[in-house]
Amino acid sequence: MSDLKKKKILIVQGSSRSDGNTNKVVQFLRNEIEADLLDLNTKNIGPFDYEFKNQDDDFLPIIKDIADSYDLIVFATPVYWYSMSGLMKNFFDRISDCLKIEKPTGRKLRGKSMALLICGSEAAETPGFDIPFKLSAEYLGMNYRGYVHTWVDEEISDDVKQRVKEFADKLVA
Ligand SMILES: Cc1cc2nc3c(=O)[nH]c(=O)nc-3n(C[C@H](O)[C@H](O)[C@H](O)COP(=O)(O)O)c2cc1C
């Protein structure tokens, strides 16, 4: 029997609608790989606050659970104004809590892997969209595993399905 530990994967979905286009692609990805789903749209996560006034919201229990339980985190965000969604940006800003008031959790993120699923409205990509994810991974000592750009036009096209399959293969390789 193989003694290789199976990677535990979490998809963090940052769309402003739980069952929108991003979710359609996320569900397709979940048919390809075994992954849990965290829907930020159902959570109460406030913006970063220098006085940590939001520390009793949903963020700290969630990031502690991620740090304790998962090896690979796939961030799935729609393209809103050429950038990640506000929900996703709040989540990233709040990771700063782990550099100030929750340092042990921040340290546990080191060595984990991060990847990105982008869902826009067309095949054309927003230049540099993934740079904040790549640089954040580097800053946090995480391994950046790349991104897949997708779009949904009512249904997921064969082109997008193929991209997501290749992305999935790469993630579990
Ligand atoms: C607030 C907002 C801003 C958007 N900005 C862009 C954009 O800059 N570029 C783009 O290609 N699509 C943009 N779109 C379209 C969405 O990226 C696209 O419809 C996406 O599939 C929506 O995913 P969702 O259903 O998970 O929200 C925008 C949509 C919204 C609601």
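Cut-offs and rules
Residues numbered from 1 in each chain as written. Predicted model: local features only at pLDDT ≥ 70, side-chain atom pairs only at ≥ 80, totals over all residues. Heavy atoms only, no water. Helix = DSSP H or I, 4+ residues; strand = E, 2+ residues; numbered from the N terminus. Buried < 20%, exposed > 50% of the residue type's maximum accessible area, 1.4 Å probe, protein only. Contact = heavy atoms within 4.5 Å. Areas by Shrake-Rupley, 256 points an atom, 1.4 Å probe, with all protein chains shown as cover. Lys, Arg positive; Asp, Glu negative; His and termini not counted. Charge placed at Lys NZ, Arg CZ, Asp CG, Glu CD. Near = heavy atom within 4 Å. Polar contact = N/O pair within 3.5 Å; in protein donor to acceptor, adjacent residues only side chain to side chain. Nonpolar A, V, L, I, M, F, W, Y, C, P; charged D, E, K, R; others polar. Pairing = 2+ DSSP bridges.

Asks: Would you mind going over the overall build of the chain with me for this structure?
Replies: Helix and strand content of the chain: seven helices and five strands. Put simply, the chain runs from its N terminus to its C terminus through helices and strands in the order β-α-β-α-β-α-α-α-β-α-β-α. For the chain, the spread of C-alpha atoms along the principal axes amounts to about 45 × 45 × 25 Å. A burial count over the chain gives 45% of its 173 residues as buried. When contacts within the chain are restricted to residue pairs at least 6 apart in sequence, those whose partners lie at least 24 apart make up 79%. Of the accessible surface of the chain, which amounts to about 9,400 Å², a share of 47% is contributed by carbon and sulfur atoms. Across the chain, the 24 positively charged side chains and the 28 negatively charged ones have centroids separated by 6 Å.

Asks: Got a minute to help me understand the site of the ligand in this structure?
Replies: Residues in close proximity to the ligand total 13 residues, the closest being S15, R17, T22, V79 and Y80. Within the backbone of N21, a nitrogen or oxygen atom sits 2.8 Å from an oxygen atom of the ligand. Here Y80 contributes a side-chain N or O atom positioned 2.6 Å from an oxygen atom of the ligand. When the ligand is considered free in solution it has 640 Å² of accessible area, and contact with the protein chains removes 70% of it. Of all the secondary-structure elements, those providing two or more residues to the shell around the ligand are helix 1 (21-32) and strand 4 (113-120). Partitioning the shell around the ligand into residue classes produces six nonpolar, six polar and one charged.

Asks: Before we go on, may I ask you to explain the pairing of strand 4 in this structure?
Replies: Regular strands place their side chains on alternate faces of the sheet. By the criterion of burial, strand 4 is predominantly enclosed, with eight of the eight residues buried. Every second residue of strand 4 is oriented toward a common face, with S113, A115, L117 and C119 on one face and M114, L116, I118 and G120 on the other, all of them buried. Relative to strand 4, strand 3 (residues 72-78) runs parallel, the two sharing seven bridges. Bridging from a neighbouring strand, I73 pairs with M114 of strand 4. Pairing between strand 4 and strand 5 (residues 143-151): seven bridges, direction parallel.

Asks: Got a minute to help me understand the pairing of strand 2 (residues 36-39) in this structure?
Replies: Where strand 1 (residues 9-13) and strand 2 come together, four bridges link them in parallel fashion. Looking across to strand 2, one finds that V12 is bridged to L38.

Asks: Looking at this structure, how should I read the environment of I131?
Replies: Among the structural elements, I131 can be located in helix 6 (residues 131-140). On the accessibility criterion, I131 (40% relative accessible area) is partly exposed. Through-space distance from the C-alpha of I131 to that of W151 is 19 Å; in sequence the pair is 20 residues apart.

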